[in-house]
Protein chains: 2
Amino acid sequence: MTDTTETQGISREELRLAARNHGMPLEALRYDLTPAGLHYLLIHYDIPAVDPDPWRLSVEGHVRSPMELSLDDLRSRPTTTQAVTLECAGNGRTMIEPHVVSQPWVLEAVGNAEWTGTPLRGVLEEAGIDQGAVEVAFKGLDRGVEGEQEQSYERSLPFDDAMRSEVLLAFEMNGRPLLPQHGFPLRLVVPGWYGMASVKWVSRISVLTEPFAGYQNVHSYRLRSDPEEEGEPLNRIRPRSLLVPPGIPEFQSRSRIVDAGTHTVLGRAWSGFGPIERVEFSDDDGRTWWDADLGEPPANEYAWRGWTFEWHASSGEWVLCCRATDATGATQANEPAWNVGGYTNNAIQRVSTLVR
Amino acid sequence: MTDTTETQGISREELRLAARNHGMPLEALRYDLTPAGLHYLLIHYDIPAVDPDPWRLSVEGHVRSPMELSLDDLRSRPTTTQAVTLECAGNGRTMIEPHVVSQPWVLEAVGNAEWTGTPLRGVLEEAGIDQGAVEVAFKGLDRGVEGEQEQSYERSLPFDDAMRSEVLLAFEMNGRPLLPQHGFPLRLVVPGWYGMASVKWVSRISVLTEPFAGYQNVHSYRLRSDPEEEGEPLNRIRPRSLLVPPGIPEFQSRSRIVDAGTHTVLGRAWSGFGPIERVEFSDDDGRTWWDADLGEPPANEYAWRGWTFEWHASSGEWVLCCRATDATGATQANEPAWNVGGYTNNAIQRVSTLVR
């Protein structure tokens, strides 16, 4: 190993996180719906063991009629099913310099699943919201210590975002009951937002008249350019596209070997700010860009969109890249920008490829 | 980060492997059958996309009647279902000093699933084995470059091992068709052996009259104390026990915080050499050992066995360990021994725990 490789590596502590938290191998971008076990997972503490029979969802705080709902109560409410792309706010963190210590994601912290559940809005309306509600906090059953504070994982949404019709209390993923690691028996799914908002193992919903002061809102998951700065809580997913690395891999380096000729490169693109309107492809490390062919718009606005590019591969060394642009005109930079938590890095993917 | 932490870390290349290959978070030891998506995964190249309709299993080489079997052909044969604990031969690799560069497993490369399939033996018998068969090689559809050799993943079993009645050609895992990442449509399952033998995405079975000279037998997955040495191909799983870290974790370090009092510590133990006969527990880093209570023997000999220990936790810092002994008397060392590939390290687990 060279010194350069060493300095780009990770510590023993970060390795322990990487050993627990799963990425989606990028060839799984070929599946429109990510199969069980390939969707990314970021679990702050431990996967809790939840007995669904005594489990109840408590809806409380600034509501007229606090409620305790069983899983059967939730299943008997109106349900919807929608495909949603979730991505960790820390995806791409290990590309950021100087190095930020936390879960050491490369680019695999993403997945697209079909979630079935009941809209949160209906539950809140039934509980009866009075004037003055500003946020809604969601508490999970996973518990640990972070930033020297013992806590259950808990994060809030601004009230108006909680009332968006597509925000779900989900009890199924890809047509099956939630797997333990995805939040069984119930999780929040906030389409278009980074995964930290989609609280797993939800046990309590609290309607608040003041902004939530919990760790995951106030200390973690904020965008700050300086540790002393207050910053802003993270919310929507910045545009990103990823491609299935073509050809075959070298086991250890994961670099690619491709036969000369025409190859259909395929990938997916998504944004929490608006529909994907353009994807470009480059084989020369982002110096030259060509428009890729967009697939049909997804049935759901917050699911990823497929794209392909007919790549004429000639012998030599190439660096394949792709770049998405959404309806707001937002796109992806060539290089990541540093921030305190190593969040929202949507710089372009680079795939070193040898064409023979 | 201290210098010590840095030197125990991993390189950028190893991180890319860690981002793809999934471990089983150790709290999932609580499940006798590992749920979908929590079983460990080690995939040398890419997960192949296999269309099951044209797919055929070819049985060839030193047989009287070469065969081409469809998935329906295999499903219509006699089937059995058995729980099998699979573990990667490289599990525990990152505890070994000096550091061995490859997939950087901590301790999570394990899982216990129920596999349904048809015994390999019946297929070989139907193909008709002549005198002189010494090995059977299994070729997967996953393809890549390793050790500068382009190859499909392929590994062999000695003929007598291939004829063991419990070796399966499996098409279901936990009662469902194989997931893509576990070898859909068909994988070999070799109970009692490290995972490298259980070839995924099997497309060809070759009966050989000479030992198989492929990379995964001759170069990789061998036990050697010196790179120049020929060594021995890896086979059966050495005894190991692991425990569910009690209490709650600190997010980044994964160290544990436990309230003083009595706790039921639980874990699993397994060995490919014989049934587990004893599990011991220590809270003082392996200086003092107590016998744990073994659960019922597993219905299948090659599934893990549960155990519990009533731990009286008093305030202070403790290092929890467990140690399994199998029917051959083989047990676990306190410290790992180095070997070229970083394989078969079954040294005891250590869980730093603060009791408050």
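As a further point, take the overall build of chain A. Of the regular secondary structure elements, chain A holds six helices and 22 strands. For 356 residues, the compact-globule formula gives about 21 Å, and the C-alpha radius of gyration of chain A, at 21 Å, lands near that figure. Counting across all 356 residues of chain A, residues that qualify as buried make up 52%. Within chain A, contacts between residues separated by at least 24 positions form 73% of all contacts whose residues are at least 6 apart in sequence.

Superposition record for chain B on chain A: RMSD 0.0 Å, screw rotation 180 degrees, translation along axis 0.0 Å. The transformation just described matches what one would write down for a two-fold rotation axis. Judged by C-alpha distance, Gly37 of chain B is the residue of chain B that lies nearest the rotation axis, at 1.7 Å.

Turning our eyes to something else, we now look at the environment of Glu135 of chain A. All names here are of chain A. One can find Glu135 in strand β5 (residues 135-146). The exposure class assigned to Glu135 is buried, which follows from the 22 C-beta atoms found within 10 Å. Between the C-alpha atom of Glu135 and that of Phe212, which follows or precedes it by 77 residues, the distance is 6.9 Å.

Moving on, we get to the domain arrangement of chain A. All names here are of chain A. Per the domain assignment, the segments of chain A are domain 1 (3-233) and domain 2 (240-355). Just the C-alpha atoms count here: the centres of domain 1 and domain 2 sit 26 Å apart. Facing the 31 residues of domain 1 at the interface are 27 residues of domain 2. Secondary structure elements with two or more residues in the side of domain 1 that touches domain 2: β3 (80-87) and β11 (222-223).

Ranked by size, the top nonpolar core spans 188 residues in total, and within it Val84 and Tyr194 of chain A together with Val84, Tyr194 and Val202 of chain B carry the most contacts. What Tyr194 of chain A contacts, discounting residues up to four positions off in sequence, is Glu87, Cys88, Ala89, Leu234 and Ile237 of chain A.

With that settled, the discussion passes to the interface of chain B and chain A. In this complex, chain B contributes 50 residues to the contact, which on the side of chain A involves 50 residues. Going through the elements one at a time, α1 (3-7), α2 (12-20), β5 (135-146) and β14 (248-249) of chain B are the ones with two or more residues in the side of chain B that touches chain A. Within the side of chain B that touches chain A, the residues separate by chemical class into 24 nonpolar, 13 polar and 13 charged.

Here the focus is the sheet that holds strand β1 (residues 57-61) of chain B. Residues and elements named next belong to chain B. Ordered by their spatial adjacency, five strands build an open sheet running β2-β1-β10-β5-β6, and the pairing between neighbours is mixed. In this open sheet, the two strands that pair with only one neighbour each are β2 (67-69) and β6 (149-158). Each adjacent strand pair in this sheet contributes to an overall mean axis angle of 25 degrees, direction not counted. Note: β1 against strand β10 (residues 202-208), four bridges, orientation parallel. Note that in β10 the partner of Gly61 across the bridge is Val207.

Criteria and cut-off values
- Residues numbered from 1 in each chain as written.
- Chains lettered and ligands numbered in written order.
- Predicted model: local features only at pLDDT ≥ 70, side-chain atom pairs only at ≥ 80, totals over all residues.
- Helix = DSSP H or I, 4+ residues; strand = E, 2+ residues; numbered from the N terminus.
- Rg over C-alpha atoms; globule rule 2.2 N^0.38 Å.
- Buried ≥ 20, exposed ≤ 12 C-beta atoms within 10 Å, placed from the backbone.
- Contact = placed C-beta atoms within 7 Å.
- Least-squares fit on C-alpha atoms with pLDDT ≥ 70 in both.
- Domains from an automatic or database assignment.
- Core = buried A, V, L, I, M, F, W, Y, C linked by C-beta atoms within 7 Å.
- Nonpolar A, V, L, I, M, F, W, Y, C, P; charged D, E, K, R; others polar.
- Pairing = 2+ DSSP bridges.
- Axes fitted to C-alpha atoms, helices over the stretch in contact; angles between N-to-C directions.

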